[in-house]
Amino acid sequence: MSLEEQQSDEPAELESGVSRGDELADLLGDLVVGREEHMNAPGLVIRPDEVQDALFKLRDEAGFDHLSCVTAQEYEDRYESIYHLTKFDDRTDEVSVVVPTSKDNPVSQSAEPVFRTADWHEREAYDLVGIQYEDHPDLRRILLPETWQGHPLGLDYDQDRPQIATLREHANPLEEDHRAGDSNTMYINIGPHHPATHGVLHVETVVDGEQVVDLDADIGYLHRCEEQMCQQGTYRHQIMPYPDRWDYISAGLLNEWAYARTAEDLADIEVPEYAQIIRTMSAELCRIASHMIALGTFALDVYGDFTAIFMYAMRDREIVQNILEDLTGQRMMFNYFRLGGVVWDLPEPREEFFEKIRDFLDGLPQALEEYHDMITSNEILQARTVGTGVLPPEVAKSYGATGPVARGSGIDYDLRRDDPYGYYDELDWDVVVEDGCDNFSRLLVRMREVEESAKIIQQCVDLLEDWPEDERNIQANVPRTLKPEEDTEIYRAVEGAKGELGIYIRADGTDKPARFKIRSPCFSNLQTLPEMSEGEYIPDMIASLGSLDIVLGEVDR
Amino acid sequence: MSLQAVLPDTISGLLGLEGVLGDIVGGLVGAFLVANIMLIMTAFAGPWAKRKITAAFGDRIAVNRIGPFGLLTIVTDAVRLLSKELIVPEGVDRPAWDLAPMVIPFSALLGFAVIPMGNGIQLADPETGLAFAFAAASIASLGIVMTGYASNNKFSLIGALRAVAANIAYEIPLVITAASVVIFAGSLRMSEIVAVQAEPLLTVAGVTLPTWFAFVNPFAFALFIIANLAEVGRNPFDIPEAPTEIVAGYQTEYSSVYFVLIYLGEFIHIFLGGAIAATLFLGGPAGPVLPGFVWFTIKIWAFFLFTQWARSAVPRLRVDQFLEIGWKGMLVLSFANLVLTAIIVGVIA
């Protein structure tokens, strides 16, 4: 955190010779009290009472319109909030705004007035680490029960202390008998056990007749301390199984890639080209499987019963699952990626495996046509989804919505293209964008993305088939124990099935991360639900929730 | 004047009973028979046929373990459902909450009293037969309101309100469309409506089409079927239940036997809808070769199959769109149909 400490190997060196960090520091002027260097971006240290000024300037004058993540952590001598900023137009242009606060008064200004997405991110930081955010509209715990004592990711947290969590937070805030009252609204708990919440989501809804007046998504029922568990595992082997359990709806490999990419950049590991192609192919298979489920469950939310579309989607997803099982030996918790490559080569006999994938790809257009016949061209479904759950692009950006949700709102943003990794930039495919901003657009985006993924897989299979036998290098040389240098910090993201899945790691010189922060796309996407639903009917709220395609395992981590 | 002796008379005649005693015994035995016919059909429809049909639409197999084609599932399901614990939530409004599961199936059964099922199976044939059938079927709405209001559950309440809104919006087009048939037939008596449809309409290549009102006025038939779908609450009109929105609507709090009774009511209601449609538009039990009762059964099962098809393949409308279609579309169309029919009938006759 020393002032003006310049590093010569700065990643974003500009043509003029002035680094990106200097340029941004000049823009902010006196607001910058120090400089840091993260591996992905320059870090600007800001006083805790000037956060909003700095972020407003960066957003309005430098164009950093995407608050990707807020990381909070506790050091021996201070608390720190890091705002990972980037741009929807240029994902590689990143800056980290570092806000240290003192131990005895951990109060920092909230970023919520600048970026709406900071609302939940800062609540999580408050909940898990214990930093207080001034000016925050609603600083409550988010993952843990309101009655929780202490902040579990803080340094002095006592895990053995018994916790008493009451059911108070689920009590109906209205009178049991409100015949005497003159209110016209009704409070309903939709979830945590409800047919349409796709898991243990609790939506506290206030309705006026059939219309949603106010809603608040209550999450945390599936919080499994994933960040903490990753902080207790070694980089080399012990962390990789966890990502499979975040977005567990068949997106496992996409999640694994998020960790693989971050850790490989952190430890400077080069992945062999052959392994990258395998990764790209298998990750896209996962994307297809995940989008199939999204399609099926969305149809279910609109159709109502366990009907044909859901079963058709499951049937086609099953083929993908079988291919993935052949490849990884698993159907859900793949654990197939390793730092520096993948765990093993394609299954023998290879021809049979390729044949299987080709058969699937050949049948896919017909299957998609069937879906279009039954879903997208159905007039009732159009009446239900077109123009409902509207999420304007500006709002989506402010909430940090990514993935199909952002692309359904006309935001041309896909990390596979904008911040290339793997083998994507060598292949021929398109980013799917729809301008409708409604439930129908999000549905269309997913269906069209399946086609694009199929294109990518096709090209990967062609490449893999012709790959010389003696050059099939699936794994780089990686030391048995990885110990990245102390105080190296990195934030890297990949395009998961639901959007930008990012990971922040701070190394402390040991073989385990000192801080492991997961930026879950579902977490940010779910925040947009009130924007889409307030004033709409209950059925539209359910449809919007379905179109967000959240997985509670990833929302709660 | 009845064209054919009704079932109670036949029974008392067979038993050789006369007068009031004959009426009572004949009536009770006849009612017992008709009710059991419908209950047996429902037993096939609920635990077995519905599963098989839905599975066929979704590329699945469904029940196939117990008995041929899984048919004995009906028995095991009956045992399972009857032996489940009946959970009575705190705060339910007791007499109403307990009565509702009886009102719903019995109102639907009551409607079958005037339906001619062929082969002389008809309990009564009053002059106001059609009006009675609609009136009896509508009592189910009362039962639904009771479930929704007495359950002390918000999802139930919303479901019941939706059900009532749906019933009001679609009952009117349903009855008005039926009235256009009455204008043709010139009678509300079920047996006469059936008899009128027996006359030949036209002969094409040696095949004589009867004057079934579905052939005479297909538009009214389509209207009637759509309104009927809304009446029995199946997709795209399954608004009152809407599982993904309001859990299970008015039946959310019901379990065990009460649940079975409500579901039974729903299925009998579907069959009653099919029976009224068959009587009004498809010549009742009429049909070639096979006996009347078989044709009647085929017709009401065809309607059942149709509702299950719609359930599997058609998305659900939103509640406001649903009511909009009812009030702004169906109502206007059904009155237009009625007026047109009246003019045509008036000019011809």
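Residues numbered from 1 in each chain as written. Chains lettered and ligands numbered in written order. Predicted model: local features only at pLDDT ≥ 70, side-chain atom pairs only at ≥ 80, totals over all residues. Heavy atoms only, no water.

Undergrad: Which parts of the structure should I look at to understand the overall build of chain B?
TA: Of the regular secondary structure elements, chain B holds 13 helices and two strands. A compact globule built from 349 residues would reach a C-alpha radius of gyration of about 20 Å, and chain B, at 21 Å, matches this within 12%. Projected onto its principal axes, the C-alpha positions of chain B cover 60 × 55 × 40 Å. By residue count, 53% of the 349 residues in chain B fall in the buried class. Across chain B, contacts joining residues at least 24 apart in sequence account for 75% of those joining residues at least 6 apart. Positive and negative side-chain charges in chain B, numbering 17 and 22 respectively, have mean positions lying 13 Å apart. (Helix = DSSP H or I, 4+ residues; strand = E, 2+ residues; numbered from the N terminus. Rg over C-alpha atoms; globule rule 2.2 N^0.38 Å. Buried < 20%, exposed > 50% of the residue type's maximum accessible area, 1.4 Å probe, protein only. Contact = heavy atoms within 4.5 Å. Lys, Arg positive; Asp, Glu negative; His and termini not counted. Charge placed at Lys NZ, Arg CZ, Asp CG, Glu CD.)

Undergrad: Even after reading the chapter, I still don't get a negative patch on the surface, so can you show me in this structure?
TA: Residues and elements named next belong to chain A. A grouping of Glu348, Glu351, Glu352, Glu355, Asp359, Asp362, Glu469, Asp470 and Glu471 is seen on the molecular surface, where their side chains present a negatively charged patch. Inspection of the secondary structure assignment puts Glu351 in helix α8 (residues 350-376). On the basis of relative accessible area, Glu351 is assigned to the exposed category, the value being 59%. (Patch = residues over 30% accessible without salt bridge, like charges linked within 9 Å, V, L, I, M, F, W, Y side chains within 5 Å. Areas by Shrake-Rupley, 256 points an atom, 1.4 Å probe, with all protein chains shown as cover. Salt bridge = Lys/Arg side-chain N within 4 Å of Asp/Glu carboxyl O.)

Undergrad: Got a minute to help me understand the UniProt feature "transmembrane region" (unreviewed entry) in chain B in this structure?
TA: Residue and element names in this part refer to chain B. Taken from the UniProt record, the annotation "transmembrane region" (unreviewed entry) applies to residues 24-49, 99-118, 130-150, 170-188, 200-227, 257-282, 289-310 and 330-348. Secondary structure within residues 99-118 divides into 65% helix and 0% strand; the distance between the first and last C-alpha atoms comes to 33 Å. In residues 170-188, the share of helix is 84% and the share of strand is 0%. The end C-alpha atoms are 20 Å apart. (UniProt positions renumbered as here; feature names shortened; annotations may be inferred.)

Undergrad: What's the story with the domain arrangement of chain A in this structure? I'm lost.
TA: A common way to state how big an interface is: give the accessible area lost once the parts meet. Residues and elements named next belong to chain A. For chain A, the domain assignment lists domain 1 (20-134) and domain 2 (234-482). With 11 residues of domain 1 at the contact, the number on the domain 2 side is 14 residues. If you sort the residues of domain 1 by the area they bury against domain 2, Phe88, Arg91 and Arg116 come out on top, with a joint share of 55%. At the junction of domain 1 and domain 2, the tally comes to one salt bridge. Residue Asp65 is joined to Lys397 by a salt bridge in which the shortest nitrogen-to-oxygen separation is 4.0 Å. Across the contact surface, domain 1 and domain 2 share five residue pairs in polar contact (both at pLDDT 80 or more). (Domains from an automatic or database assignment. Buried area = accessible area lost by both parts, 1.4 Å probe. Polar contact = N/O pair within 3.5 Å; in protein donor to acceptor, adjacent residues only side chain to side chain.)

Undergrad: Please clarify how the UniProt feature "domain: NADH:ubiquinone oxidoreductase 30kDa subunit" (unreviewed entry) in chain A should be interpreted in this entry.
TA: Those residues carrying the UniProt feature "domain: NADH:ubiquinone oxidoreductase 30kDa subunit" (unreviewed entry) are residues 45-161 of chain A in this numbering. End-to-end, the C-alpha atoms of residues 45-161 of chain A are 35 Å apart, and along that stretch the chain is 18% helix and 29% strand.

Undergrad: Explain the UniProt feature "domain: NADH-quinone oxidoreductase subunit D" (unreviewed entry) in chain A to me, please; I cannot follow it from the model alone.
TA: Here, the residues flagged by UniProt with the feature "domain: NADH-quinone oxidoreductase subunit D" (unreviewed entry) are residues 307-557 of chain A. For residues 307-557 of chain A, the helix share is 49%, the strand share is 10%, and the end-to-end C-alpha distance is 31 Å.

Undergrad: Looking at this model, I keep getting lost on the sheet that holds strand β8 (residues 186-190) of chain A. Mind explaining?
TA: Strand pairing in a sheet relies on backbone hydrogen bonds. The paired strands run either parallel or antiparallel. Residue and element names in this part refer to chain A. On the basis of which strands lie adjacent, the open sheet formed by three strands has the order β8-β9-β10 and antiparallel pairing. Each of the sheet's edge strands pairs with one partner strand only, and the pair in question is β8 and β10 (211-218). Between one strand and the next, the sheet's axes are offset by a mean angle of 20°, whatever the strand orientation. Sheet topology places β8 next to strand β9 (residues 202-208); five bridges connect them, and they run antiparallel. From the neighbouring strand, Ile190 faces β9, where its bridge partner is Val203. (Pairing = 2+ DSSP bridges. Axes fitted to C-alpha atoms, helices over the stretch in contact; angles between N-to-C directions.)

Undergrad: I'm lost on the interface of chain A and chain B in this one. Help?
TA: In this assembly, 35 residues from chain A lie in contact with 29 residues from chain B. Our count for the chain A to chain B interface comes out at three salt bridges. Residue Asp540 of chain A is joined to Arg318 of chain B by a salt bridge in which the shortest nitrogen-to-oxygen separation is 2.7 Å. Inspection of the region where chain A meets chain B yields eight residue pairs in polar contact (both at pLDDT 80 or more). Here the side of chain A that touches chain B takes five residues from β8 of chain A, the largest share from any one element.

Undergrad: Looking at this structure, I do not really get the environment of Leu254 of chain A. What am I missing?
TA: Topologically, Leu254 of chain A is positioned in helix α5 (residues 252-267). Measuring from C-alpha to C-alpha, the distance between Leu254 of chain A and Met541 of chain A comes to 28 Å, with 287 residues separating the pair along the chain.

Undergrad: Which parts of the structure should I look at to understand the sheet that holds strand β14 (residues 500-507) of chain A?
TA: Residue and element names in this part refer to chain A. Reading across the sheet, the three strands line up as β13-β14-β15 and stay open at both edges, with antiparallel pairing between neighbours. Strand pairing shows two members of the sheet lacking a second neighbour, β13 (489-495) and β15 (513-519), which therefore form its edges. Strand-to-strand twist of the sheet, defined as the mean angle between neighbouring strand axes without regard to direction, takes the value 15°. Both β14 and β15 contribute to a ladder of six bridges, which runs antiparallel. Residue pairing in the sheet places Arg506 in a bridge with Arg515 of β15. Contacts between α5 and the sheet are confined to β13, β14 and β15, with β13 contributing the most and set at about 145° to the helix.

Undergrad: What's the story with helix α3 (residues 73-83) of chain B in this structure? I'm lost.
TA: Residues and elements named next belong to chain B. Taken as a whole, α3 has its buried residues at Thr73, Ile74, Asp77 and Leu81. The buried residues of α3 all sit within an arc of 95° when viewed along its axis, so they share a single face. Away from the buried face of α3 by more than 90 degrees, exposed residues Val79, Leu82 and Ser83 are located. Looking at the packing, one finds that the buried side of α3 touches α2 (19-57) and α11 (256-281). (Arc of directions from axis to C-beta.)

Undergrad: Can you walk me through the state of the cysteines in this structure?
TA: Note: disulfide means a covalent bond formed between the sulfur atoms of two cysteine side chains. All names here are of chain A. Within the structure shown, the criterion is met by zero disulfides over all chains. Counting only cysteine sulfurs, Cys230 is the nearest neighbor of Cys69, a cysteine outside any disulfide, at a range of 14 Å. Note on Cys69: relative accessible area 0%, which makes it buried. You can see Cys460 has no disulfide; the closest cysteine sulfur is in Cys286, sitting 13 Å from it. (Disulfide = S-S within 2.5 Å.)

Undergrad: Would you mind showing me how to read the environment of Ser398 of chain A here?
TA: Residue and element names in this part refer to chain A. The topology assignment puts Ser398 in helix α10 (residues 393-398). Here Ser398 falls in the buried class, since its relative accessible area comes to 18%. Spatially, the C-alpha atom of Ser398 lies 32 Å from that of Ile380, the residues being 18 residues apart in sequence. In contact with Ser398, other than residues within four places in its own chain, are Val114, Phe115, Arg116 and Thr117.

Undergrad: Which parts of the structure should I look at to understand the pattern of salt bridges?
TA: Close approach of charged atoms allows side chains with opposite charge to pair. For the structure shown, the criterion picks out 59 salt bridges over all chains. Measuring nitrogen to oxygen at the nearest pair gives 3.4 Å for the salt bridge that ties Asp345 of chain A to Arg350 of chain A. On the basis of relative accessibility, which here comes to 23%, the residue Asp345 of chain A falls in the partly exposed class. Its salt-bridge partner being Glu127 of chain B, residue Arg189 of chain B comes within 3.7 Å of it at the nearest N-O pair. With a gap of 62 residues between them, Arg189 of chain B in the loop between α6 (154-185) and α7 (190-196) and Glu127 of chain B in the loop between α4 (94-111) and α5 (129-150) connect regions that are remote in the sequence. The class for Glu127 of chain B is exposed, based on a relative accessible area of 58%.

Undergrad: Please clarify how helix α16 (residues 538-548) of chain A should be interpreted in this entry.
TA: One full turn of an α-helix is made of 3.6 residues, so residues set three or four places apart face in the same direction. Residues and elements named next belong to chain A. By the criterion of burial, α16 is predominantly enclosed, with 11 of the 11 residues buried. Listed as buried for α16 are Ile538, Pro539, Asp540, Met541, Ile542, Ala543, Ser544, Leu545, Gly546, Ser547 and Leu548. Looking one or two residues beyond α16, the residue adopting positive phi is Asp549, at roughly 55°.

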